[in-house]
Every structure is written in structure tokens, then in C-alpha cells.
Amino acid sequence: MFGLEYDVIVVGAGHAGSEAATAAANMGCKTLLVTMNMDNVAQMSCNPAMGGIAKGQIIREIDALGGYCGIVSDKSAIQFRMLNRSRGPAVWSPRVQSDRMLFSAEWRKVLEQTENLDFYQEMVSGILVKNDKIKGVKTSTGIEFYGKTVILTNGTFLNGLIHIGEHSYGGGRVGERASTGITADLEKIGFESGRMKTGTPPRVDGRSLDFSKMIEQSGDENPGKFSYSKKTKAVTKQRSCYITYTSPEVHETLKEGFDRSPMFNGRIKSTGPRYCPSIEDKIDRFAEKERHQIFAEPEGWHTIEYYVNGFSTSLPQDIQYKALRLVPGFENVKFFRPGYAIEYDYFPPTQLKHTLETKLVEGLFFAGQINGTTGYEEAGCQGLMAGINAALKVQNRPEFTLQRNEAYIGVLIDDLITKGTKEPYRMFTSRAEYRTLLRQDNADFRLTEKAYELGLASKERYDRLKYKKEASDQFIQFLKDTGVPPKEIQPIFEEKGSSPLKQQIRLHKILKRPRIFMEDIRQLESVKNYIAEHNLEEEIIEQTEIQVKYKDYIKKEKKNADKLNRLEGLKIPAGFDYSKLSSMSMEARVKLKEIKPVTVSQASRVSGVRPSDISALLVHLGR
């Protein structure tokens, strides 16, 4: 293995690295995964959960594209919840609590059962580059591995620095050393780097908690799952989480440690995640709030360890302990370990192409927190896309990218490379212009055929997609063709407060009414019989309901997306000289020269570029 040239070398075996390595290997590339510790594959460094608002949609997209985190999440789930059920399906978001140790073990199993994939356990301390092309990587002991492409997925390990109160020391996670050397190599080549911060709360002994003083949060009564594959099943038993709250007394106690806090005394100089602030940041920024929500989340099926979600902190350990004991249910709490903050290097993602290949070095790809994102899901989807594109590059096949109207993954990558980020980037449904199209229920409709063409989705997956589409289309046609007399539907209308009927009406028109849902019309004999005769799964029934009920909204968004795609089709020539456009603002010329957008549509999304600047560009391009 030391003498040959790999097609793809992946550095780091976190969520991004694991998806990247399996994608490249499954596409037929000879792949090497180099990591510091194989025991920590796909480690859940922060909370033991996958999915949530917009993140759940990303996991379903990864699954539809042939990635593995959905399957692994299903196999390690201890609780499933569909968030936002009270709102429209565009924002329904699946989330699981995971058994943290089982999650990592299942991922390792996936990796070790993947053909074309080799492993090596050591720190990568640098990259090998010749004539602006990647040639491989070198390890801390001087071993060189050669590769046609390299994907860096270093997470929080690049020059990682851990902070607990007044104590700081190097590390990528508690108990693991930082990775050094890569940042210096990249900066010598000309890459711009920066620093970011993230944090984690204390882990505690569940036996020391009084759950009777907290609010139980159980999973869904009829739990679903992430993967579209038939290889996984929904959980049949679940573990609960518990909710409690801080108080003014807790806040005053936390303030006692502010003078020793690395956040407030200047030792932490980097930017933390805006949407997941530490508890000290919360009480400083939102001083008017008398309480903040705290979740006690179990770390697995067979452990007493709990994760204190909402209490992320880098305050001194004695202050953490003193304040947490004032939270209802935590009066006798015992720590497994304190919370901590970690600073690490990242590289502004405007230095990347849509494929996640770097602009400066051919064949070098970045994925995950190295690009300034936060969260397992955001990292996983970047790893998948980098792995796919590294494989395609080696195989001399066309690159693979996703548009903003095709996937949340497309939104995330476009946001990163077009706008950049100066704080840890987190995905939200509000970031997507076309979220009615990008629902969690239809990720396979949108992406599985693409995955099949890439060689990532199996024939079984593709056939299942075709069956699901056909079954849903036939069910829709049945609803359009089948009428129901007023007397049969009237009791349901009365119960739901819907206006009465005077004549027979088609089922699809009934379903489009505001307060009427599939669960209502399933009571009708004709619908009940159709579902039974065709043995329709709940997945197909739900998909059908959404397509019928929200048809007009979906149609409108598709029309708007088509307009966007027309601009996506207008390519900007490589090396285009923006200095020629005197009618374009100076700010736009500087930004566009830096970002080097590929299309007019991408140029229109660059921060600081105005509609008048795009008009000037279109005129110059002869449009």
C-alpha cells in the first residue's frame, strides 16, 4: 500500500471523511482513509442526535444519494421525532436521538465492509503538491502516500485549542491531540485561513438526576426512520429526553465566573456559532430572559451518561458544577466531564469550486468544518459531494453539482462558496428559497435517479423509487377519478368545520380543503379499500397527500425555480476580466474577481453585487 498511487486519499474519519471515503470507494476508486484513531470513526463529539430543522432534510438527501448516515442513524436510534408537524410539510424535519457508541460502531462496520477502501492510522502533517496539482499526503512519521486526489476533512483538529476556564491546551477533542502542519502547508501555497470556535456542555451521571422534577419528552407514537432503504426499520422501543430550565439564580452563579471565562477575558478570539451559543453567551446577550431551556439527553441504550443540551460552556469547572446544581432535577448532579470550548483553523470556502475542489490546487478538496460549517449533517453532505467529485475527476467524468432548487445540499454549498462565512455556518429551512420543493419526504424523488447514474444507488433502490412514483401517481389518479356522495362525507365535514356539500365531489378536491387531511378521507370505504387492495405503505400515502394538497404551491415554486435555472444556464467565461466593466460598481468588480462565479445566477448571489451590476454583466455578455 505504501508504493501505489491511490485514486482518492481522505484525511480524517469524522462524518465528512466517512461519507467521502465510502462514496469514492463505491464508485470504483482505490481509496485510502487516513485518521488519527480508528476507534473514533464518525464520533458524535457534541450531542448524540442526528437531524432536526433542515438537518433532517440533509440526512434524507444524503441517503437518497447513496450515503450512509441515514442508515447508521436508523440502526443506532433510541428515539425518533418528526419536528414541526403542526406546520406545513415544507418544514417537517426528522430527528433521532442516537446511541453514541453504537453510531460510531455501525459506521466503522460500514467502512470496513466497503470494497476498494484501505485504512491507515496516523496524523497527516502535510500535503504534497507539484505544479499546483495534488500529489498526496505526508504523515507525522515521514511516510508519504500518493494520490490523484486528496480530500481534507479535518474537523476541529487543525491546530485545535481546548479551553476550560483559565486552562487551555492543544487538542482536537477532549482526550485527543490536535493536528498540526497542514495549515502551514496550505498557507505557504497561498490559502487564506481563519479561526472558529465551537463548544460542548458537561456530560453527567444520569443516576444523579431527579427526572421527576423535569418534563418528559418522549418520541413519536408511530416513529418513522431516515433511510428510504428497506434494510432499516423504525425503532420499536424508545428512550425519553427530559426538559428543565435555568433561573435567575443560575444566571447569577454563572456570572461569578465571567472574569475567568476565556470568552470574556480575551483568550478566545475566534467566532462561535450564532445559533448555538454557550450558556454564558446566552445570559450575556439575552439578559432580559429569566430562563433558558435545558435538555437531558441519554447517550445510549446501556449507559448512564447524559448530555446536557443547552448548557454548552467554557466557564471554569467549579462554576459549571455550582450553577448546574441549581437547575431543577440537577441538585445532586455528578459530572462525567465538564463542558469546554475549542478553537480551530478553517479555510474560507470562497476558495472552493462548487465541486468542493480548491481553486488553487487541482485535485485537492475540502469538506466539513474546514469549510466553516457546524454540525454532523452539514459535514456529512459535503464529504459525500467531495467524494463523488474526486471520483469523477479521477474517472474523467463530468462533475456533479446540485442546484439550489434541487437540494438543501445545493443551497449549503452555494452559500459557502458564493457568500463565504465568518461564523460557523448552520443550515435552516429559511436559507432555501424553494423549501416547498425540498421536503424531507421527496428527497428520493429528487436525487435517487442521479445517484443511480453515478453508481451509488443500487438497482434495488432505483426500482423502489420507480415503484413509489408509480404507486403515488396511480393513487393521485384514483383520487381524481373517484367521487363521493355528500351524505358519506358530511359527518367528516361537520366534525372538521368544513362547509357542507350539495352534490358529489371528487376525492382530490376534498383533500385540497384546508382542514381536511388524508387521515379523514381514509375513513371512507372507497379509499380504505384502495389502500388495502394496493397494499400502500405509509410513505406513499403521505407523499400522495402532500402532492395533492400542496399542488398549487409546488407548481408556483417550480415556475420560480425554472426562472433561476435560466440564469444558471448563462455561463461566465473562465478568467473573465471584470475590470473592463466600468458601469459595474467597484465593490462588485472586486467581489466577482475574488469569487470567480461560474454562472450569472451565482454572480447575482455574491454579497455586495447589485441588480444593476448584473444588468451590466448581461449587457457585456450580449444578453
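Residues numbered from 1 in each chain as written. Predicted model: local features only at pLDDT ≥ 70, side-chain atom pairs only at ≥ 80, totals over all residues. Heavy atoms only, no water.

## Describing the overall build of the protein
Item 1. Scanning the protein from N- to C-terminus turns up 21 helices and 22 strands.
Item 2. Compactness check: the protein gives a C-alpha radius of gyration of 26 Å against a globular reference of 25 Å for 623 residues, within 12% of the reference.
Item 3. With respect to the principal axes defined by its C-alpha atoms, the protein has extents near 80 × 70 × 55 Å.
Item 4. Counting every position in the protein, which comprises 623 residues, the buried fraction comes to 59%.
Item 5. Looking at the protein alone, contacts between residues at least 24 apart form 73% of all its contacts between residues at least 6 apart.
Item 6. Carbon and sulfur atoms make up 48% of the accessible area of the protein, which amounts to about 26,300 Å² in all.
Item 7. Looking at the protein, you have 90 positive and 80 negative side-chain charges, and the mean spots of the two groups are 4 Å apart. (Helix = DSSP H or I, 4+ residues; strand = E, 2+ residues; numbered from the N terminus. Rg over C-alpha atoms; globule rule 2.2 N^0.38 Å. Buried < 20%, exposed > 50% of the residue type's maximum accessible area, 1.4 Å probe, protein only. Contact = heavy atoms within 4.5 Å. Areas by Shrake-Rupley, 256 points an atom, 1.4 Å probe, with all protein chains shown as cover. Lys, Arg positive; Asp, Glu negative; His and termini not counted. Charge placed at Lys NZ, Arg CZ, Asp CG, Glu CD.)

## Here's the deal with the nonpolar core
Item 1. W107, L152 and L364 are the most contacted members of the largest nonpolar core, which totals 104 residues.
Item 2. Not counting residues up to four positions away in its chain, the partners in contact with L152 are V11, I127, I182, L186, L364, F365, F366, A367 and I370. (Core = buried A, V, L, I, M, F, W, Y, C linked by side-chain atoms within 4.5 Å.)

## Brief notes about the pairing of strand β7 (residues 124-130)
Item 1. A large share of β7 lies buried, amounting to five of its seven residues.
Item 2. Of the strand pairs in this sheet, β7 and strand β8 (residues 133-139) are connected by six bridges, and their pairing is antiparallel. In the strand pairing of β8, L128 is matched with G136.
Item 3. Counting the residues between successive antiparallel strands, the hairpin from β7 to β8 contains two residues, one of them, N131, with a positive phi of roughly 50°. (Pairing = 2+ DSSP bridges.)

## A closer look at the sheet that holds strand β11 (residues 167-170)
Item 1. Spatially, β11-β10-β19-β12 is the arrangement adopted by the four strands of the open sheet, whose pairing is antiparallel. A strand with exactly one partner marks an edge of an open sheet, and here the two such strands are β11 and β12 (194-200). If you compare each strand with its neighbour and ignore which way they point, the axes differ by 25° on average.
Item 2. Where β12 and strand β19 (residues 340-346) come together, seven bridges link them in antiparallel fashion. (Axes fitted to C-alpha atoms, helices over the stretch in contact; angles between N-to-C directions.)

## Remarks on helix α16 (residues 525-533)
Item 1. Considered for burial, the residues of α16 that qualify are V527, Y530 and I531. One side of α16 holds all its buried residues, which, seen down the axis, span an arc of 95°. More than 90 degrees from the buried face of α16, the exposed residues found are A532 and E533.
Item 2. Contact partners of the buried residues in α16: α12 (459-481), α14 (507-511), α15 (518-521) and α17 (538-549).
Item 3. Looking one or two residues past α16, N535 carries a phi angle of roughly 50°, positive in sign. (Arc of directions from axis to C-beta.)

## Focus on α12
Item 1. For α12, spanning 23 residues, the distance from its first C-alpha to its last is 33 Å, which sits close to the expected 33 Å at 1.5 Å a residue.
Item 2. Turning to α12, its buried residues number three or more, namely R461, Y462, R464, L465, K468, A471, S472, F475, I476, F478 and L479. (Expected span 1.5 Å × (residues − 1).)

## A short note on the pattern of salt bridges
Item 1. In total, this model carries 46 salt bridges according to the counting rule given.
Item 2. For D39, the salt bridge identified is with R108, shortest N-O distance 3.3 Å. With D39 in the loop between β2 (31-35) and β3 (49-51) and R108 in helix α4 (residues 100-112), this pair connects stretches of sequence that are 69 residues apart.
Item 3. For R108, a relative accessible area of 28% translates into the label partly exposed.
Item 4. Between D441 and R439 there is a salt bridge, with the nearest N and O atoms lying 2.8 Å from each other.
Item 5. The exposure class of R439 is buried, given its relative accessible area of 4%. (Salt bridge = Lys/Arg side-chain N within 4 Å of Asp/Glu carboxyl O.)

## Some words on the packing of aromatic side chains
Item 1. By the definition in use, this model includes 18 aromatic pairs.
Item 2. Relative to W107, the ring of Y68 lies with its centre 6.1 Å away and its plane at 70°, an arrangement referred to as edge-to-face. You can see Y68 sitting in the loop between α2 (55-64) and α3 (69-76) and its partner W107 sitting in helix α4, a full 39 residues away along the chain. Side by side, Y68 and W107 carry an identical accessibility label, which is buried.
Item 3. Measuring from ring centre to ring centre gives 4.3 Å for F478 and Y530, while their planes differ by 20°; the resulting arrangement is stacked. (Phe/Tyr/Trp six-rings, centres within 6.5 Å; stacked < 30°, edge-to-face > 60°.)

## What to know about the sheet that holds strand β13 (residues 203-205)
Item 1. Read across the open sheet, the six strands follow the order β14-β15-β16-β17-β13-β18; overall the sheet is antiparallel. Here the strands that pair on one side only, and so sit at the sheet edges, are β14 (215-217) and β18 (335-337). Taking the axes of each pair of neighbouring strands and ignoring which way they run, one obtains an average angle of 35° across the sheet.
Item 2. With three bridges connecting them, β13 and strand β17 (residues 305-309) associate as antiparallel partners. In the sheet register, V204 faces β17, and the bridge partner there is Y306.

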